Amino acid sequence: MTGELILVVEDDVKSRRLVHDLLAHHGYRIAEAAAGDAGVRMAKELLPALVVMDIRLPVLDGISALRALRADPATRAIPVLAVSASAMPGDREQVRAAGFDAYQEKPIELPAFLARGARAARARRAIRPGARMSQARILVVDDTPRNVKLLAELLTGSGYDVVTAASGAEALAQVHGGTGAPPDLVLLDVLMPGMSGYDVCRAIRANPATATLPVVLVTALDATQERVAGIEAGADDFLSKPISQPELLARVRSLLHVKELHDTVRRQATQLAEWNRTLEDRVARQIDALERFGRLKRFLPPQIAERVLAGDAVDPLHSHRCDIVALFLELRGLTLFAETRAPDELMAVLREYHAEVGRLVTAFEGAVERFTGEGVMIFFNDPVPQPDAAVRAVRLALAIRDCCRVVFARWEERGFELSLGAGVASGAATLGAIGFEARSDYAAIGTVSRLAVRLAEAAQANEILLSQSVATSAGTGVLVEPAGEHALRGFLRPVAAHRATGERAPARATSPALPAADRARNAFRRNGEYWTLRFAGQDVRLRDSKGLFYLAQLLRHREQDVPALTLVSLLRADGAAPPLLDTSDLVAGGLGDAGVALDPAAKSAYRSRLSGLRTELAEADSFNDAERASRIRREIEFLSRQLAAAVGLGGRDRPVAAAAERARVNVTRAISDAVKRIREHAPALARHLDASIRTGALCSYRSPDPEQPDWEL
């Protein structure tokens, strides 16, 4: 149907324009009428391939207009598609009963709309075989007027648009540039004065624009001889005089169908060529978008980077002025650590720390300015506005501090003495990309970022200091307390600071007081390989672990200081319900009563072996022996860890921890891991345990709640 004429009869201007644009976009020619009587008149004049008609029209409604079209033989075969915005149950049956070929409800869905139109056209052609969806134009060329008149009447009666020519020159003028549309098929007499039919056929084939135009030669001479000459001239088919009407129409329909298929292939080839021409531009735009997304992902969480690329936020790499909240994190003790540890060990520590920080920054939708060895600068409220920017920043700092407690405990067991300091400030800054073409960073220039850095420097270990403005803005969501005035480097006057201690309800460090009914339902008991935990009306089942066992024992012996060594002993005995402990005579064992980790001879042997391995590694690298080099590196890493664990600052020997010290480290780590698992499924219980459990050489459970929760153990 593409390229054919469709008449749209619709009184609503917007609906008419919508249908017009949809059909025109797919290559159809459109005629429009705003009333039913005008639609009937235009249908009789234009004989369109399809009529799209609204049911409710002024002057003459759609059903009355359809009756008028069906009453006229010239328009009886035109398929009519009814369109209506009404959703009444009987509308479809009423439309079918009136004689419409198909029914389409508004809003129009183009694929279904076109499919209904095509089905209606096929149905109409089945009713009247001579009728066509489109009025194909046929050029009849003959120097005998009677023959022209005969052919024109036969073809016009079958629904074709016929034009005529009395000579070969006139025919070529019609084919190559006539006043109307070019013909779809040429019926060409062979014997004509001047140019013969063969000459006209050769001229048509010589022009690339008409090389595939169907040509049927009509002759009264010997059919065999004329057929050979016609094939040589490029004719598609032949008719012998006197002409048989069924044969004429059958050959015309067949050649028009072939032409329609050829036109479809040509249109598709044109579209493919156009797509190929634009493919490079589209690929270039996509590559540019991916590169921009890659640059933005260095600084922003993925969800914010996607919004920037979609145009929903300002591109942060363009210079602009904005009020932001800056959070700076400082990892303490890293410089000394770098001087006393192997490089691979230092990088492993940084990777673990940055991985935890990066995960939380993404969750809180912060924008990272930079990572340095000791510091991380994070911004909020740019490029996407965040009304709760101050609360987000402080909560992120609290989450990182809590997460790092577990990490620091693990590092402490390996002899790493590291801690965290954080500073949060708010104010105006100039943001954008700084650097040069090959290397640039996203940065904020202004007092706010400098103040955040200085507050972090002034903070004690694992302390979070806030500026006055941040404490005021975030006070509704987090717990803050005055931290006094601090003389900060680079600031002329002391700066009043506040300390963040936790989150307010419902996400606060101390658990809320529970009703008596809820307190009685709290549970912490083991069933086989799983533990059932219930707190604040929430149930969770976790697989058995040492940390859960230690927590259960502390809940059982509330308000008591239980040595970590005793908890380990209880785990080994694994009693179902051990009696309450008398801990008055239990003390933690001393540290260092097991001697040094490595004696001088052993340390010398370790160092000698490491020196030899490094020589072997250099040799393996020079010979590109990757397998051998990998094996040597693994051994070097193992020996370095062993030696580092045995030697402290200044080369001093590390004592081997006594049983009590080993128990303290193991119990602390196991409880921290258990609380981390609980936090994933029962945050309220995890907050209660954070506020109630104390670990160390002596462990205890002391709830800060005014009314102590009861536990079913």
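Starting afresh in each chain, residues are numbered from 1 along the sequence in its written order. Selection of residues for local features in this predicted model requires a pLDDT of at least 70, selection of side-chain atom pairs for listing and counting requires 80 or more, and totals for whole chains, interfaces and linings are taken over all residues. Excluded from the side-chain calculation are hydrogens and water; included are all heavy atoms of the structure.

Enquirer: So what exactly am I meant to see when it comes to the environment of Leu465 here?
Expert: By the element assignment, Leu465 lies in strand S16 (residues 463–466). In this structure, the C-alpha to C-alpha distance between Leu465 and His498, residues 33 residues apart in sequence, is 5.5 Å. Think of it this way: any DSSP run of H or I at least four residues long counts as a helix, any run of E at least two long counts as a strand, and we number them from the N terminus.

Enquirer: Whenever I open this one, the environment of Phe549 confuses me. Can you help?
Expert: Counting through the fold element by element, Phe549 comes out in helix H18 (residues 546–556). Residue Phe549 is classed as buried on the basis of its relative accessible area, which comes to 3%. The buried label goes to any residue with under 20% of its type's maximum accessible area, the exposed label to any with over 50%, and the partly exposed label to all in between, with areas taken from a 1.4 Å probe on protein chains only.

Enquirer: Help me understand the packing of aromatic side chains, please; the structure alone is not making it clear to me.
Expert: For any pair of aromatic rings, the description rests on two quantities: the centre-to-centre distance and the angle between the ring planes. Ring pairs shown here join Phe, Tyr and Trp side chains whose ring centres sit within 6.5 Å, with only the six-membered ring taken for Trp; geometry is labelled stacked below 30 degrees between planes, edge-to-face above 60, and tilted in between. One pass over the full model with this rule turns up 4 aromatic pairs. Between the aromatic rings of Phe524 and Trp711, the centroid separation amounts to 6.3 Å while the plane-to-plane angle is 70°, which identifies the pairing as edge-to-face. Here Trp711 lies in the segment after strand S24 (698–701) and Phe524 lies in strand S19 (residues 523–527), a separation of 187 residues in the sequence. Note on accessibility: Phe524 and Trp711 belong to one class, buried.

Enquirer: Looking at this structure, I do not really get the confidence of the model for the protein. What am I missing?
Expert: Detailed reading of the predicted model is not advised wherever pLDDT is low. The predictor reports its confidence for every residue as pLDDT, a score running from 0 up to 100. Mean pLDDT for the protein: 79, with 80% of residues reaching 70 or above. When the elements of the protein are averaged for pLDDT, helix H17 (residues 516–520) gives the smallest value, 44, and S16 the largest, 93. By definition in these notes, contact holds between two residues if any of their heavy atoms fall within 4.5 Å. Contacts for the low-pLDDT stretch residues 125–134, under 50 throughout, to residues beyond four places or in other chains number 21 contacts. In the predicted structure, residues 575–593 sits below a pLDDT of 50 and forms 34 contacts with residues beyond four places in sequence or in another chain.

Enquirer: I keep staring at helix H1 (residues 13–25) and nothing clicks. Help me out?
Expert: In an α-helix, one full turn covers 3.6 residues, which means residues spaced three or four apart are oriented alike. To estimate how far a helix should reach, multiply one less than its number of residues by 1.5 Å. Over its 13 residues, H1 extends 18 Å from the first C-alpha to the last, a length consistent with the 18 Å expected when each residue adds 1.5 Å. Counting of polar contacts relies on pairs of N or O atoms within 3.5 Å, with two restrictions inside protein: one atom must be capable of donating a hydrogen and the other of accepting it, and residues adjacent in sequence are counted only when both atoms are side-chain atoms. Between the side-chain oxygen at the start of H1 and the backbone nitrogen of Lys14 there is a gap of 3.4 Å, and the oxygen is on Asp12. A positive phi of about 95° marks Gly27, the residue just after H1.

Enquirer: Before we go on, may I ask you to explain unusual backbone geometry in this structure?
Expert: For residues that are not glycine, phi is negative in most cases, and the peptide bond is trans in most cases. The linkage connecting Lys241 with the following residue, Pro242, adopts the cis geometry, with an omega of -5°. The phi torsion at Asn381 lies on the positive side, around 80°, for a residue other than glycine. Assignment of secondary structure puts Asn381 in the loop between strand S13 (375–380) and helix H14 (389–413). At Glu559, a position not held by glycine, the phi torsion is positive, near 65°.

Enquirer: Can you help me understand the packing of helix H2 (residues 36–46) against helix H3 (residues 62–71) in this one?
Expert: For any two helices packed against each other, the geometry comes down to the angle between their axes and how far apart the axes lie. Between H2 and H3, the least distance of the axes is 9 Å, while the angle of their chain directions is 20°. Relative to H3, the element H2 is oriented roughly parallel. Here H2 and H3 pass one another in a crossing that is right-handed. When H2 is examined against H3, the residues Gly36, Val40 and Ala43 are found in contact with a partner set consisting of Ala65, Ala68 and Leu69. Note on geometry: axes are lines fitted to C-alpha atoms, helical ones only across the stretch in contact, with angles between N-to-C directions running from 0 to 180 degrees. Should an angle fall under 35 degrees it is taken as roughly parallel, and over 145 as roughly antiparallel, whereas 65 to 115 is taken as roughly perpendicular and any remaining angle as oblique. Handedness of a crossing is defined here by the sense of rotation of the near helix relative to the far one, left-handed for an anticlockwise turn of less than a right angle and right-handed for a clockwise turn.

Enquirer: Mind showing me how you'd approach the pairing of strand S7 (residues 161–165) here?
Expert: Sheet topology note: the strand S6 (residues 137–141)/S7 ladder contains 5 bridges and is parallel. Residue pairing for S7: Val140 is matched across the bridge by Thr164. When the strands point away from the viewer and the connection leading from the first strand across the helix to the second strand turns clockwise, the crossover is called right-handed. Once you follow S6 into helix H6 (residues 145–157) and on to S7, the crossover reads as right-handed. Only strands joined by at least two bridges in the DSSP assignment are considered to pair.

Enquirer: Please explain the pattern of salt bridges as it appears in this structure.
Expert: When the charged atoms of two side chains with opposite charge come close together, those side chains can pair. Salt bridges are defined by distance alone: a side-chain nitrogen of Lys or Arg within 4 Å of a carboxyl oxygen of Asp or Glu. Under the criterion given, the structure shown has 34 salt bridges. Close ionic contact of Asp263 with Arg266 constitutes a salt bridge, the shortest N to O distance being 3.0 Å. Of this pair, Asp263 and Arg266 both sit in helix H10 (residues 245–297), 3 residues apart, roughly one helical turn. Take Asp263: its relative accessible area is 15%, and that puts it in the buried class. For the salt bridge of Asp690 with Arg679, the shortest nitrogen-to-oxygen distance reads 2.4 Å. Of this pair, Asp690 sits in helix H23 (residues 683–692) while Arg679 sits in helix H22 (residues 659–681); the two residues are 11 residues apart in sequence, bridging distant segments of the chain.

Enquirer: How should I be thinking about the sheet that holds S19 in this particular structure?
Expert: Each strand in a sheet pairs with its neighbour through backbone hydrogen bonds, running either in the same direction (parallel) or in the opposite one (antiparallel). The 3 strands lie next to each other as S19-S20-S21, forming an open sheet whose pairing is antiparallel. Strand pairing shows two members of the sheet lacking a second neighbour, S19 and strand S21 (538–543), which therefore form its edges. Sheet twist, expressed as the mean angle between neighbouring strand axes with direction ignored, is 20°. Across 6 bridges, strand S20 (residues 530–535) lies against S21 in antiparallel orientation. Its bridge partner being in S21, Trp531 is matched across the sheet by Leu542. Taken strand by strand, H18 contacts S19, S20 and S21, and its axis lies near 130° from that of S19. Contacts between H22 and the sheet are confined to S20 and S21, with S21 contributing the most and set at about 135° to the helix.

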